[in-house]
Amino acid sequence: MKRTLRAICFSSAAFAAFTFGAAAQAETVNVGVTVPTTGPAAILGLGARNAVSLFPAKVAGFDVNFRVLDDASDITNSVKNAKQFLGDKVDLIVGSSTSPQSLAIIEAIAGSQTPLIALGASARIVTPMDDKKKWVFKTAANDSLMAQAIIEHMAGKNVKTLGFIGFGDAYGDSWLNEMKPLAEKHNIKMVAVERFNPKDQSVTGQVLRVTAAHPDAVLVAGSGTPAALPHATLKERGYKGLIYQTHGAATEDFLRVGGKALNGGYLPVGPNLVWEQLPDGYATKAASAKFVPLYESKFGANSRSNFAAQAYDVLLLLERALPEAAKKAKPGTTEFRIALRDALENIKDLPANAGVFNMTPADHSGLDKRARVIVKIQDEKWVLDKAEQ
């Protein structure tokens with residue numbers, strides 16, 4: 001068997017012209033990647049696309065074609081891309097970068113016996129486990145892990161009342177559903193709940209209603225640069241309490257757009273974002289010490305992001321899974337896709353950028369507390385506040 005790898009990442013114009021059939025050789029592993037490189041979630045998808053472009057010349061000795069398509073931050077396009085990949089008989093689909101898009105892909109590929117590695121964060125992507133989600137894995141930590149970190153941090157700051165301003169979509173729903181029981185468990189009363197859309201130009205009404213309840217802290221549950229708007233508006237309206245964000249906001253563009261208004265805010269992030277500040281011996285530090293300098297050498301200083309790192313972790317998962325799958329079948333077959341799914345499900349003790357993966361039949365995220373650290377925004381930079389060992 002010839003085993004060399006070609007990682008292929010094209011411009012958007014070339015994407016449409018490329019077909020696996022024209023480029024792939026016999027026994028080549030084909031991977032379809034759909035991420036938003038345009039639209040409101042572009043900052044997430046661009047990091048993922050950039051990470052894929054860094055994949056080395058060989059992955060566990062196998063020839064692999066990676067085809068990357070832009071889904072323009074749109075669920076309809078995500079589904080269209082996924083179905084196109086199915087038509088090309090890919091061995092694996094990766095994407096998309098947001099939870100609503102990832103959830104839509106799951107429905108679109110149900111019954112195809114094709115594994116999916118999602119890049120969205122919602123726990124709903126992999127839970128509850130069923131016949132559809134048994135084919136789905138994810139590299140982003142579940143919202144539940146991040147929500148626990150936020151609530152525990154709030155409790156340590158003696159927060160007793162909480163306001164919530166979240167996206168009016170599956171991401172916001174997931175966070176609200178996670179925070180309500182956790183807040184109650186820690187004797188924190190949720191006194192106001194407001195929603196907004198990523199494309200909104202103003203959230204003044206939502207902020208005024210939340211601040212009227214005088215919460216000790218406010219959680220903004222949004223992703224990317226749109227999450228900066230409620231934060232900045234809270235500051236503009238004179239809110240003096242603590243402001244928290246979710247890990248979906250952890251991008252350099254978020255810091256740039258929000259500017260000084262973000263200083264003093266807290267959020268949980270993947271440990272790769274502040275890997276230099278982690279204690280020696282932290283489980284993920286070695287992986288990030290390799291990835292982050294590699295990424296920033298091509299895309300610029302401080303260009304790192306959780307979203308790029310989580311996409312790069314797909315490579316680390318494949319390094320483990322491909323040799324195991326190949327023991328049972330050849331790429332391009334249903335048997336290989338089944339074997340690849342089984343191999344992903346059995347990955348254990350894999351230190352990566354997002355955390356340490358320990359997959360099980362019941363847990364297709366496989367991450368624990370080591371997948372999160374709490375950072376504080378100081379001087380428009382991420383500063384490590386707390387790390388889980």
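Scroll up to find the structure.
Our subject in this report is the structure included herewith. (Residues numbered from 1 in each chain as written. Predicted model: local features only at pLDDT ≥ 70, side-chain atom pairs only at ≥ 80, totals over all residues. Heavy atoms only, no water.)

Moving on, we come to the overall build of the protein chain. For the protein chain, the helix and strand inventory stands at 13 helices and 14 strands. For 389 residues, the compact-globule estimate of 2.2 N^0.38 gives 21 Å, and the C-alpha radius of gyration of the protein chain, at 20 Å, lies within 12% of that figure. C-alpha extents for the protein chain along the principal axes are approximately 65 × 45 × 40 Å. Within the span of the protein chain, comprising 389 residues, buried residues form 57% of the whole. Across the protein chain, every contact between residues at least 6 apart in sequence was considered, and the portion connecting residues at least 24 apart equals 68%. Surface summary for the protein chain: the accessible area is close to 14700 Å², and the carbon and sulfur share equals 50%. Between the centroid of the 44 positive side chains of the protein chain and the centroid of its 38 negative side chains there is a distance of 1 Å. (Helix = DSSP H or I, 4+ residues; strand = E, 2+ residues; numbered from the N terminus. Rg over C-alpha atoms; globule rule 2.2 N^0.38 Å. Buried < 20%, exposed > 50% of the residue type's maximum accessible area, 1.4 Å probe, protein only. Contact = heavy atoms within 4.5 Å. Areas by Shrake-Rupley, 256 points an atom, 1.4 Å probe, with all protein chains shown as cover. Lys, Arg positive; Asp, Glu negative; His and termini not counted. Charge placed at Lys NZ, Arg CZ, Asp CG, Glu CD.)

What follows is about the pattern of salt bridges. Under the definition given, this model contains 14 salt bridges. Residue R372 is joined to E152 by a salt bridge in which the shortest nitrogen-to-oxygen separation is 3.5 Å. Note that R372 is positioned in the loop between β12 (356-357) and β13 (373-378) and E152 in helix α6 (residues 143-156), a separation of 220 residues in sequence. According to the relative accessible area criterion, R372 is buried, its value standing at 2%. Taking relative accessible area as the criterion, E152 reaches 29% and is therefore assigned partly exposed. (Salt bridge = Lys/Arg side-chain N within 4 Å of Asp/Glu carboxyl O.)

Let us now look at the nonpolar core. Counting residues in hydrophobic clusters, the biggest one holds 105 residues, and the most contacted among them are M154, W175 and W382. No other element matches the 13 residues that helix α12 (residues 306-326) contributes to this core. Listed in part, the 15 residues of the second largest apolar core include A82, V90, I105 and A118. (Core = buried A, V, L, I, M, F, W, Y, C linked by side-chain atoms within 4.5 Å.)

This brings us to the pairing of strand β8 (residues 217-221). Burial within β8 is extensive, with five of its five residues counted as buried. What you see with β8 is no split at all: A217, L219 and A221 on one side and V218 and V220 on the other are buried throughout. In the sheet, strand β6 (residues 161-167) pairs with β8 via five bridges, with the strands oriented parallel. Bridge pairing in β8 links G166 to A221. Alignment of β8 against strand β9 (residues 242-245), held across four bridges, turns out to be parallel. Bridging from a neighbouring strand, V220 pairs with Q245 of β9. For the handedness criterion, the β-α-β arrangement of β8, helix α9 (residues 228-236) and β9 is classed as right-handed. (Pairing = 2+ DSSP bridges. Right-handed = clockwise from strand over helix to strand, strands pointing away.)

Attention shifts here to the pairing of strand β1 (residues 29-35). With seven of seven residues buried, β1 lies mostly within the body of the structure. Alternating residues of β1 divide into V29, V31, V33 and V35 and N30, G32 and T34, and every residue in both groups is buried. Bridging between β1 and strand β2 (residues 64-70) involves seven bridges; their strand directions are parallel. Across the sheet, the residue bridging to G32 is R67, located in β2. Traced from β1 through helix α3 (residues 42-53) to β2, the parallel crossover comes out right-handed.

On to the environment of P230. Mapping P230 onto the fold places it in helix α9. When its relative accessible area of 0% is taken as the criterion, P230 is described as buried. For the pair P230 and F85, spaced 145 residues apart in sequence, the C-alpha to C-alpha distance is 37 Å. Discounting chain neighbours no more than four positions away, the residues touching P230 are I165, F196, V203, V207 and V220.

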